[in-house]
Amino acid sequence: MVRTGELVYRVVREIREAGFEDYCVVTSMNYEFLQQIKEIAPEIRTGYIMTMTYGSISDITAADFFSVKHTYITEPFVEEAHEMGKEVHAWTVNQRGDVRRMIDMGVDNLITDDPVMVRKVQSRESGSSTGYRELLGYAFGI
C-alpha cells in the first residue's frame, strides 16, 4: 500500500520525468494533497474539487483553480475566486439554461457531456456563427 506522502512524490516524479509540468494539472478533493504538491512542485497547476461552496475560500491558496459542481456555484463565489486570481471550473453542465447561468456569472471553464450544445449556447451569446464543422475543425485541428 502506498502512503499519502509517497503517492504525492510519485505523482510529481512521473509528471517531471515525462516533462508534463506545463501540460497537466493535478486535481483532488483532498486539499492536503494539493498543499503537498505545491510544496514540492509549485510549477504544477492544481485544482481543488469541491462539491459545495460555503464560507470564504481566501485561505485555499494551494489551488490554482476550483472545480465545483455547477449547481453550487454562486456569483459571490466566482467573484472571490477571481479576486484571488483563481479560475472557476463548473461541472457537469449539460443543460442550456445552466450554461447561460455559468456564462453570466463569469465561470472560466465548463465541463460537460455535450460540448456541441455548450458551443452553440456560447455562439448565440457572443453573436458568432460557429457551427458544427468549425467546432470539429477546432477540436481536431483540421
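Structural notes, computed from the coordinates. As the structure is a prediction and not an experimental result, all values here were calculated from the model.

Quick look at a negative patch on the surface
Logical step 1: Side chains of E75, E79, E83 and D104 sit close together on the surface and give a patch of like negative charge.
Logical step 2: Here the negative patch takes 3 residues from helix α3 (residues 75-83), the largest share from any one element.
Logical step 3: One can find E83 in helix α3.
Logical step 4: Owing to a relative accessible area of 70%, E83 belongs among the exposed residues under this scheme.

A look at the sheet that holds strand β2 (residues 45-50)
Logical step 1: Here 5 strands make up an open sheet; going across it, the order is β1-β2-β3-β4-β5 and the pairing parallel. Strands at the two margins of the open sheet, each flanked by one partner only, are β1 (25-28) and β5 (109-110).
Logical step 2: In terms of strand pairing, β1 meets β2 through 4 bridges, oriented parallel. Considered in β2, the bridge of V25 is made with R45.
Logical step 3: Packing of helix α2 (residues 31-40) onto the sheet brings it into contact with β1 and β2, and relative to β2 it is tilted by some 170°.

As for α2
Logical step 1: Of all the positions in α2, only Y31, L34, I37 and K38 are classed as buried. Looking straight down α2, one finds that the buried residues subtend no more than 115° of arc, so they occupy a single side. Those residues of α2 that are exposed and aimed more than 90 degrees away from the buried face are E32 and E39.
Logical step 2: Put simply, N30 is the residue that caps the front of α2, since its side-chain oxygen is 2.9 Å from the backbone nitrogen of E32.

What to know about the pattern of salt bridges
Logical step 1: Applying the stated criterion across every chain yields a total of 4 salt bridges.
Logical step 2: Here R13 and E17 are joined by a salt bridge, their closest N and O atoms 3.9 Å apart. One end of the pair, R13, and the other, E17, are both in helix α1 (residues 4-18), 4 residues apart, so they sit about a helical turn from each other.
Logical step 3: E43 is the partner of R16 in a salt bridge, and the nearest nitrogen-oxygen pair spans 2.9 Å. One end of the pair, R16, is in helix α1; the other, E43, is in the loop between α2 and β2, with 27 residues separating them in the sequence.

A short note on α3
Logical step 1: Those residues of α3 that sit buried are F77, V78, E80 and A81. All buried residues of α3 fall inside an arc of 165° around its axis, so they share one side. Residues of α3 that are exposed and point over 90 degrees away from its buried face: P76 and E83.
Logical step 2: Positioned one or two residues after α3, G85 has a phi angle of 80°, which is positive.

Some details on the nonpolar core
Taken as a class, soluble globular proteins show a tendency for nonpolar side chains to be buried jointly.
Logical step 1: Judged by nonpolar contacts, the single largest core of 32 residues is most densely connected at Y48, F66, I73, M102, V107 and L110.
Logical step 2: For this core, the secondary structure elements donating two or more residues are α1, α2, β2, β3 (65-69), α3, β4 (87-91), α4 (96-105) and α5 (115-126).

Quick notes on the rules
- Residue positions within a chain follow its written sequence, with the count starting from 1.
- Where local features are concerned, this predicted model is filtered to residues with pLDDT of at least 70; where side-chain atom pairs are given and counted, the filter is 80 or more; whole-chain, interface and lining totals use all residues.
- Side-chain figures throughout are based on the complete set of non-hydrogen atoms in the structure, without hydrogens or water.
- Within this analysis, patches are made of residues with over 30% relative accessible area and no salt bridge. Like charges are joined at 9 Å or less; nonpolar side chains (Val, Leu, Ile, Met, Phe, Trp, Tyr) at 5 Å or less.
- Exposure was quantified through the Shrake-Rupley algorithm and a 1.4 Å probe, taking into account, for residues, occlusion by the shown protein chains and nothing else.
- Every case where a carboxyl oxygen of Asp or Glu lies within 4 Å of a side-chain nitrogen of Lys or Arg is listed as a salt bridge.
- Note that His is not counted, nor are the chain ends; the positive residues are Lys and Arg, and the negative ones are Asp and Glu.
- The atom standing in for a charge is NZ when the residue is Lys, CZ when it is Arg, CG when it is Asp and CD when it is Glu.
- Strands here mean DSSP runs of E at least two residues long; helices mean DSSP runs of H or I at least four residues long; both are numbered from the N terminus.
- A 1.4 Å probe rolled over the protein chains alone gives each residue an accessible area, and that area as a share of the maximum for its type sets the label: buried under 20%, exposed over 50%, partly exposed in between.
- Two strands qualify as a pair provided DSSP detects at least 2 bridges between them.
- Any two residues having at least one pair of non-hydrogen atoms within 4.5 Å are treated as being in contact.
- Between N-to-C directions, angles cover 0 to 180 degrees, with each direction set by a line fitted to C-alpha atoms, over the stretch in contact for helices.
- What the arc describes is the spread of directions from the helix axis to the C-beta atoms.
- For the purposes of these results, a polar contact is taken to be a pair of N or O atoms within 3.5 Å, where, inside protein, one atom must be able to donate a hydrogen and its partner to accept one; residues adjacent in sequence count only when each atom of the pair is a side-chain atom.
- What makes a nonpolar core is a set of buried Ala, Val, Leu, Ile, Met, Phe, Trp, Tyr and Cys residues whose side-chain atoms join them at distances within 4.5 Å.

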